Structures are given as structure tokens and as C-alpha cells.
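Given next are the chains, with one letter for each unit.
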Amino acid sequence: MTTHEKLIALLDQHQARYRLMQHEATGKCEAVAAIRGTQVGQGAKALVCHVKGNGVKQHVLAVLPADQQADLSKVAEAVGGRRASLASPAEVDALTGCVFGAIPPFSFHPALKLLVDPLLFERFDEIAFNAGLLDRSVIVNTHDYRALCNANVVKIIQ
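What counts and what doesn't
- Residues numbered from 1 in each chain as written.
- Predicted model: local features only at pLDDT ≥ 70, side-chain atom pairs only at ≥ 80, totals over all residues.
- Heavy atoms only, no water.
- Pairing = 2+ DSSP bridges.
- Helix = DSSP H or I, 4+ residues; strand = E, 2+ residues; numbered from the N terminus.
- Contact = heavy atoms within 4.5 Å.
- Axes fitted to C-alpha atoms, helices over the stretch in contact; angles between N-to-C directions.
- Buried < 20%, exposed > 50% of the residue type's maximum accessible area, 1.4 Å probe, protein only.
- Arc of directions from axis to C-beta.
- Phe/Tyr/Trp six-rings, centres within 6.5 Å; stacked < 30°, edge-to-face > 60°.
- Lys NZ or Arg CZ within 6 Å of the ring centre and 35° of its normal.
- Salt bridge = Lys/Arg side-chain N within 4 Å of Asp/Glu carboxyl O.

Chemist: Any chance you could explain the sheet that holds strand β8 (residues 152-153) here in plain terms?
Modeler: In a beta sheet, neighbouring strands are held together by backbone hydrogen bonds and run either parallel or antiparallel to one another. The 5 strands are arranged β4-β2-β3-β5-β8 in an open sheet whose pairing can be described as mixed. Two strands lie at the open edges of the sheet, namely β4 (83-86) and β8, each paired on one side alone. Direction of pairing for strand β3 (residues 56-65) relative to strand β5 (residues 112-116): parallel, over a ladder of 5 bridges. Bridge assignment links Leu61 to a residue of β5, and that residue is Leu114. Against the sheet, helix α4 (residues 89-96) makes contact with β2 (44-53), β3 and β5, and its axis sits at roughly 110° relative to β2, the strand it touches most. Across the sheet, helix α6 (residues 142-149) is in contact with β3, β5 and β8; its angle to β5 comes to roughly 145°.

Chemist: Is there a simple way to think about helix α2 (residues 29-36) in this case?
Modeler: At 3.6 residues per turn, the α-helix brings residues three or four places apart onto the same side. Here α2 has its buried residues at Val32, Ala33 and Arg36. Within α2, the buried residues cover an arc of 105° as seen down the axis, which keeps them to one side. Exposed residues lying more than 90 degrees from the buried face of α2 are Glu30 and Ala34. Contacts from the buried residues of α2 go to β1 (18-22), β6 (126-130) and β7 (136-141). Following α2 by one or two positions, Gly37 adopts a phi angle in the positive range, close to 75°.

Chemist: What's the story with helix α1 (residues 3-13) in this structure? I'm lost.
Modeler: Among all positions in α1, only Thr3, His4, Leu7, Ile8, Leu10 and Leu11 are buried. For α1, the angular spread of buried residues about the axis comes to 160°, placing them on one side. Residues of α1 that are buried sit in contact with β1, α4, β6, β7 and α6.

Chemist: How should I be thinking about the packing of aromatic side chains in this particular structure?
Modeler: Two aromatic rings are characterised by how far apart their centres lie and by the angle between their planes. Per the counting criterion, the structure on display carries 5 aromatic pairs. Three or more aromatic residues link up through ring pairs in this structure, and these residues are Phe106, Phe108, Phe121, Phe129 and Tyr145. Just above the ring of Phe121 sits the side chain of Arg146; from NZ or CZ to the centre is 4.4 Å.

Chemist: Quick question: what am I supposed to make of the sheet that holds β1 here?
Modeler: Ordered by their spatial adjacency, 3 strands build an open sheet running β1-β7-β6, and the pairing between neighbours is antiparallel. Unpaired on one side and paired on the other, β1 and β6 mark the two borders of the sheet. Across the sheet, the axes of successive neighbouring strands diverge by a mean angle of 20°, strand direction being ignored. When β6 meets β7, the two strands line up antiparallel, connected through 5 bridges.

Chemist: For this particular structure, what's the right way to read the pattern of salt bridges?
Modeler: Opposite charge on two side chains lets them pair, provided their charged atoms get close. The final tally for this structure, using the stated rule, is 4 salt bridges. Of the charged contacts, one joins Arg123 and Asp67 as a salt bridge, the two residues approaching to 2.8 Å between their closest N and O atoms. With a gap of 56 residues between them, Arg123 in the loop between α5 (119-122) and β6 and Asp67 in the loop between β3 and α3 (72-78) connect regions that are remote in the sequence. Note on Asp67: relative accessible area 37%, which makes it partly exposed.

Chemist: I would appreciate a short explanation of the side chain of Thr38 in the present structure.
Modeler: Its place among the elements puts Thr38 in the loop between α2 and β2. Judged by relative accessible area, Thr38 falls into the buried class, the value being 15%. When near neighbours in sequence (up to four residues on either side) are disregarded, Thr38 contacts Ala33, Ala128 and Ile139.

In C-alpha cells, the structure reads:
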């Protein structure tokens, strides 16, 4: 199954309240928010990070509102590491099956820990994100996402 198929199956299985949209492929948060008819801050930006330090090498999927910037030192600290950097395109593909910009805010890989900044849950009733493909988006009820994502919720924005 593709990441897109896994995502839709998960949402359907748990009867999440969501809408699936097909649109022009774009990797820019502002452009895709305009296409979706949502606020930029409703976007769930998902960053695959490589974390090192304290004898630890791990990968984290850091999810935050698209109108914010990740603090990579907070990402590293949240999982007991010292340094975090963005993963390479090869690592992103291996861990998510997606290209940059298409990564949904769910981890379907056991080696990819999910961290979500609490601000994502606080401002909007719905969040939006690319659904594993650059030309497909999901707009989902925020409470349903929080119940399904099984993330560690920790402040990771600047």
C-alpha cells in the first residue's frame, strides 16, 4: 500500500471526519492553503528529522503549524538527543514513501517517532495536509487527528 492508501484507510477505519481534495501539485504552504481555502496556520507541516547525540541515532517526524518554524534543538531534546537536522531526500523516501512537501502528519514506519507541537491542536477546528501526494490534500477534524496520530505532544516551535 502507498502512504496515501494507508492514510485514507486509517481515516476511514476510525470514521474520522475529513475531506479529500485533488488539486494542482505545489510544495509551498501558502499556495496550497489558498487552493484548499484554508488558513496557512491550519496546515500541518511534517518534517523528517535525523537526531543524534547521547549515543542515539533516530528519526523523528516533527509536525507543526505551517505558519511556524521548527526549533530543531527542541526536537532533539524531546527524544533525548543533542542535535537534529532535516533528513536527506533518501531518508525521507525510505521512512515515509513520500517526497518533501507530500508527507502527511502520521508515521507509518516503526523507526519514525512522531512529535506534534501543541499549537496545532489549539487554533482551528480542522487541520489540512498533503495526503502522501503533492496533488492530494486532507482536511480533517483536529480532535479526530489528535485521537488517531498517537504522537508525543511537545513544544517544538521557535
